[in-house]
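Listed here are the chains, written in short residue letters.
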Amino acid sequence: MAQDVTYSSYLDLDRILAAQHPSSDAHDEMLFIIVHQASELWLKLCLHELFAARDCIAADNLRPSFKMLSRVARAQTQLIQSWDVLSTMTPHDYSAIRPHLGRSSGFQSPQYRMMEFLLGGRNPDMVVMHEKTGNWADRLQAELQQPSIYDETIRLLARRGFAIPEVVLGRQLDTVWERSEEVEAAWAEIYRDPQAHWDLYELAEKLVDLEYHFQRWRFGHLKTVERIIGFKRGTGGTQGVPYLEGVLKQAFFPELLSVRTAI
């Protein structure tokens, strides 16, 4: 009954606060675990909002999606700030923890991968690394067959009368988005006359904000890794900093960036 609910029982604090299991005697391992666990909770919220926002965009019900996308951007600031806390760990501190991590890595986060897929950063080869994580491989594979948020946005532009080529609308969904001159031209029309297309203009800016914060999160990751381990390879087998530098060059919504030069 509602009167029996307490702060602790409602939030299931007993399980949350008992979920930290350090593998070493290193003082900083608690920091390392909590930062990553908290990040996964923020990612869970981001996915909750992004799935709902995609449904709203597909239904041409944009106003609720604006709140959802804004909330994701604010949640991303929490993810960004988590690097500031983790960066208090020195190379010596991390060296005491690293032998206990095995081949585990943030690269293996299925929620991060799902967020990438939702935004359109899709690489089917990435699914295999999640095959041992519950049903995540199946969930990610299923997501690859769904339109990304940007796919749904461009389909909406077509329904609103913008000249979007069929080759774009019918593209293979499990691939990375490729920049289209026609899509850029549609956004240019919207940006040149926002009053005539205000909701689409606002949607575009919400998406730009989303990508901006995602890239800031990636950059914070890069600089934190660089600060703590230098140019060593990552525990998951990636090249570490060079890999993260390459990821920074990947854009989810390329026409929303190039249109700024075009107009």
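First, a word on what this report is: a plain description of the structure on this page.

Conventions adopted
Residues numbered from 1 in each chain as written. Predicted model: local features only at pLDDT ≥ 70, side-chain atom pairs only at ≥ 80, totals over all residues. Heavy atoms only, no water. Phe/Tyr/Trp six-rings, centres within 6.5 Å; stacked < 30°, edge-to-face > 60°. Helix = DSSP H or I, 4+ residues; strand = E, 2+ residues; numbered from the N terminus. Buried < 20%, exposed > 50% of the residue type's maximum accessible area, 1.4 Å probe, protein only. Core = buried A, V, L, I, M, F, W, Y, C linked by side-chain atoms within 4.5 Å. Contact = heavy atoms within 4.5 Å. Axes fitted to C-alpha atoms, helices over the stretch in contact; angles between N-to-C directions. Parallel < 35°, antiparallel > 145°, perpendicular 65-115°, else oblique. Left-handed = near helix turned anticlockwise from the far one by under 90°. Nonpolar A, V, L, I, M, F, W, Y, C, P; charged D, E, K, R; others polar.

### Concerning the packing of aromatic side chains
What describes a pair of aromatic rings is the distance from one ring centre to the other and the angle between the planes of the rings. Tallied over the full model, the rule gives eleven aromatic pairs. Measuring from centroid to centroid gives 5.2 Å for W198 and Y201, while their planes differ by 50°, and the two rings are tilted. You can see W198 and its partner Y201 sitting in helix 11 (residues 198–229), three residues apart, about one turn around the helix. You can call Y201 partly exposed: its relative accessible area is 22%. Ring geometry for F214 and F252: centres 5.1 Å apart, planes at 80°, overall edge-to-face. Taken together, the positions of F214 in helix 11 and F252 in the loop between helix 12 (241–248) and helix 13 (254–262) put the pair 38 residues apart, joining distant regions of the chain. There is no split in this pair, since F214 and F252 are both buried. Ring pairs connect the aromatic residues W83, Y112, Y150, W177, F214, W217, F252 and F253, which therefore count as one cluster.

### What about the nonpolar core?
With 67 residues, the main nonpolar core has L50, M115, Y150, I154, L157, W187 and L256 as its most contacted residues. Ranked by residue count, the leading element in this core is helix 11, at eleven residues. Not counting chain neighbours up to four residues away, the residues in contact with W187 comprise Y150, T153, I154, L157, L200, A204, E255, L256 and V259.

### Examining the packing of helix 8 (residues 149–159) against helix 10 (residues 181–192)
Between helix 8 and helix 10, the shortest axis-to-axis distance is 11 Å and the interhelical angle comes to 70°. Relative to helix 10, helix 8 is oriented roughly perpendicular. The chirality of how helix 8 crosses helix 10 is left-handed. The residues of helix 10 that touch helix 8, namely those facing Y150, T153, I154 and L157, are V183, A186, W187 and I190. A class-by-class count of the residues in the contact of helix 8 with helix 10 yields seven nonpolar, one polar and no charged.

### As for unusual backbone geometry
Even without being a glycine, D12 presents a positive backbone phi close to 55°. The residue D12 is located in the loop between helix 1 (7–11) and helix 2 (13–17) in this model. Given the relative accessible area of 29%, D12 is considered partly exposed. Of note, D60 is a non-glycine position whose phi angle comes to about 55°, a positive value.

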